[in-house]
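Architecture at a glance
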There are 2 protein chains.
Amino acid sequence: EDSKVSLHNVADPYDADPRRHPALQPRSLKPYNAETPLKILADNFFTPSDLFFVRNHLPVPEIDLASYEVEIEGVGVKSMKLNLEQLKKFPKFTITSTVQCSGNRRSEMTKVKPVKGLDWGQAAIGNASWTGVRLRDVLLAAGLKDDQPGVEHVQFEGLDTDPSMHPYGASIPIEKAMDPKGDVLLAFEMNGEPLTRDHGFPVRVIVPGVTGARNVKWLGKVIVSGKESDSHWQQNDYKGFSPSTDWDTVDFSSAPAIQELPVISAICDPVQGDKVKPVDGKIPLRGYAWSGGGRKIVRVDVTWDQGKTWGVAKLEQESNKHPYHWGWTLWTMEVPVPPNAKKLEVWVKAVDSTYNTQPEGFANIWNLRGVLSNAYHRVTIDINTGKK
Amino acid sequence: EDSKVSLHNVADPYDADPRRHPALQPRSLKPYNAETPLKILADNFFTPSDLFFVRNHLPVPEIDLASYEVEIEGVGVKSMKLNLEQLKKFPKFTITSTVQCSGNRRSEMTKVKPVKGLDWGQAAIGNASWTGVRLRDVLLAAGLKDDQPGVEHVQFEGLDTDPSMHPYGASIPIEKAMDPKGDVLLAFEMNGEPLTRDHGFPVRVIVPGVTGARNVKWLGKVIVSGKESDSHWQQNDYKGFSPSTDWDTVDFSSAPAIQELPVISAICDPVQGDKVKPVDGKIPLRGYAWSGGGRKIVRVDVTWDQGKTWGVAKLEQESNKHPYHWGWTLWTMEVPVPPNAKKLEVWVKAVDSTYNTQPEGFANIWNLRGVLSNAYHRVTIDINTGKK
Ligand SMILES: [Mo]
Ligand SMILES: [Mo]
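Since the model is a prediction, treat every value here as computed from it, not as a measurement. (Residues numbered from 1 in each chain as written. Chains lettered and ligands numbered in written order. Predicted model: local features only at pLDDT ≥ 70, side-chain atom pairs only at ≥ 80, totals over all residues. Heavy atoms only, no water.)

1. A look at the pattern of salt bridges
Residue and element names in this part refer to chain B. A complete count under the given rule lists 40 salt bridges over all chains for this structure. Here Arg 286 ties to Asp 43 by a salt bridge, and the two come within 2.8 Å at their closest N and O atoms. Note that Arg 286 is positioned in strand 16 (residues 282-290) and Asp 43 in the loop between helix 2 (38-41) and strand 3 (54-55), a separation of 243 residues in sequence. Take Arg 286: its relative accessible area is 25%, and that puts it in the partly exposed class. (Salt bridge = Lys/Arg side-chain N within 4 Å of Asp/Glu carboxyl O. Helix = DSSP H or I, 4+ residues; strand = E, 2+ residues; numbered from the N terminus. Buried < 20%, exposed > 50% of the residue type's maximum accessible area, 1.4 Å probe, protein only.)

Right, here's the structure in full:
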């Protein structure tokens, strides 16, 4: 029986991956990475779990709830192991949080000059409600004090492992982990249901306002430490560099690991190349906007004439205040179509509660890993003039 | 004697303004507004107090320390009056904080299309060490509780008044005021000396990471409230709008008051039009970079060929961590000069700890008040080729 499992793993560690919704658009199969069809992404303020983008770095682990435990250990804490039942005894919280991959919209940046990474469109992002317990409460219960000397980071290890049994890992700064208003959760529900396997069953970390890579799924271990995670993904990936830094010159130790993400937006519908018939001379656009670090979207600007005129979009968002606004903003806007136009190029940019806004183009933010790809989103729509 | 004072005030309420350093570059005389000479701004990590930019909205009040008191009042607090001696009994803290006017670099934005406001260059910003007591400690002593229902803002009133005796006023969100790590100070020292009259003697508010307008000088009153300050400067000024919003269409209630400022940078030396002789084919540049909300500068990029090549500048900054990095970053970079070049155009942009960066140009961030003017700073240097 042991040898059978082992053989099965050697044969293809991805054989045990779950089935996925057929509408998901894969960017890689092993590991499985896929995004929501862009055109439907703005249909729901809460992205349905089975259509939520999937970012897996490794095979999905097979976890038996009967034996599942998360270990808490490290500097300033008493080592503990908590099963799901024990975890659920902490006060339960539900938050809305957008999760976005650092590489969202990479496919636009790569057109400037090739970058390494999955060819994500604009839908490596989703918004969900997450229920769990606060990491802060768990760490306090393990004896951690606020401002404990020697503590700088909280590391997470997943139960997903590479062929040499190294787990996926990441860390976040202690300031975020212990912020009483930081809302970092050990989450066991997504949109009111137990987590699915692709989204971290039975327990994942939700670090609101922080890039997806730190929202570790299939949580196995929490390590309080003076140091960041030494994982590949914390140290040698998911960092930003100058446009002139290439693979020959890059020094990964020179840049900080991405945590909070910059302000971003996208047009979801129509998508590039859609043929749309104007109604009363107008075309409705829909999309999302979001900013990391709990910064709230305060304005979304849309132009249909290369910036000569900017219209202000109508926003749908929750009422949380800066800097605790974790969820995204959906926006709509009707743009006027000039008479006899056959094509219309539309751009969107968002402004957040710090009045940061997006860079205009990709050339000057280009980076070798194609992360932080948050320039204006530009889409060209074909106009159905009704004429043959 | 009374009638003499009153006559004197009627004659010119600015007669009692202090004398200023002759090197300051005035942008208006009554009220007095002036900036540091740009070329020397990056000479000092701590801007000398007498050369620090001055932003006055009204005449500088004449304050007698013997009778000076700050009043604390409002929702959830016991009304109190504290003189300077009483204020100094609270625990004393010193922080480094950059103060920047919302209109810094307006003179660049106005070239796209005229805006209303003082014609600031790139030096309506400075960095100082500030000593005082924590607003949080004072409010706790007045009985305010964390998360007190009905409390949303802390308003400040200055002792500077307009001809109808309305004071300068502003407010900040309660989340910032009460954040144990927010470092909001009632400050009485700047760079280790008592505040000068132009910088708020005897007590001003320092709201690190937040635009200058909320760092109220000559503090007279602190009001805990469910509402923002109803002052002109909070309600109908210092807000950002879409580039297509003009004075006929603007609705000031539709935009949030500027609090945290977006990421910015500038080249201080050489200044536009300087004639510089390269040394070993290079010209040294110096400047500043800063971001609001305690976000730390993580990289400053400089290009000398319109973005084909970006060099990474050397940074001088304090070690505080995100999101509690209140001070600016000074940067230096040697740029190569192509053989026989007679002019060199250099651009700078900064990246902060959320990986937000600056917009490229002013056209798409233009706004009618000329605030938030944080596009790339572009300077053309004349090259002294040594030839006649
Ligand atoms: Mo990611
Ligand atoms: Mo200002």
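2. Focus on the packing of aromatic side chains
Residues and elements named next belong to chain A. On inspection of all chains with the given rule, the structure shows 24 aromatic pairs over all chains. Ring centres of Tyr 168 and Trp 233 lie 4.6 Å apart, and the angle between their planes is 45°; on these two criteria the pair is classed as tilted. Taken together, the residues Tyr 168 in strand 9 (residues 167-173) and Trp 233 in helix 7 (residues 232-235) connect sequence positions 65 residues apart. Across the pair, exposure class does not vary: Tyr 168 and Trp 233 are buried alike. Consider the rings of Tyr 288 and Trp 328, whose centres lie 5.6 Å apart with planes at 15°: the pair is stacked. Placement of the pair is Tyr 288 in strand 16 (residues 282-290) and Trp 328 in the loop between strand 19 (314-316) and strand 20 (329-336), with a sequence separation of 40 residues. Residue classification places Tyr 288 among the buried residues on the basis of a relative accessible area of 0%. Trp 328 gets classed as buried once you look at its relative accessible area, which sits at 0%. (Phe/Tyr/Trp six-rings, centres within 6.5 Å; stacked < 30°, edge-to-face > 60°.)

3. Overview of the pairing of strand 16 of chain A
All names here are of chain A. For strand 14 (residues 264-269) and strand 16, the ladder comprises five bridges, and the chain directions are antiparallel. Among the inter-strand pairings, Asp 269 is bridged to a residue of strand 16, identified as Arg 286. With eight bridges connecting them, strand 16 and strand 20 associate as antiparallel partners. The partner of Leu 285 across the bridge, within strand 20, is Met 333. (Pairing = 2+ DSSP bridges.)

4. Focus on the interface of chain A and chain B
Taken together, the contact pairs 44 residues of chain A with 44 residues of chain B. Carbon and sulfur atoms make up 46% of the area that chain A and chain B hide from each other, which totals about 3,500 Å². On the chain A side of the interface with chain B, the three residues burying the most area are A:Tyr355, A:Asn356 and A:Asn364, jointly 21% of the side's total. Linking chain A with chain B are six salt bridges. Across the pair A:Asp147 and B:Lys181 runs a salt bridge whose closest N-O atoms are separated by 3.0 Å. Only strand 17 (297-303), strand 18 (310-312) and strand 21 (343-352) of chain A provide two or more residues apiece to the side of chain A that touches chain B. A total of three residues in the side of chain A that touches chain B trace back to one element, the largest contributor, which is strand 17 of chain A. Each residue belonging to the side of chain A that touches chain B can be placed in one class, and the counts come to 18 nonpolar, 13 polar and 13 charged. (Contact = heavy atoms within 4.5 Å. Buried area = accessible area lost by both parts, 1.4 Å probe. Nonpolar A, V, L, I, M, F, W, Y, C, P; charged D, E, K, R; others polar.)

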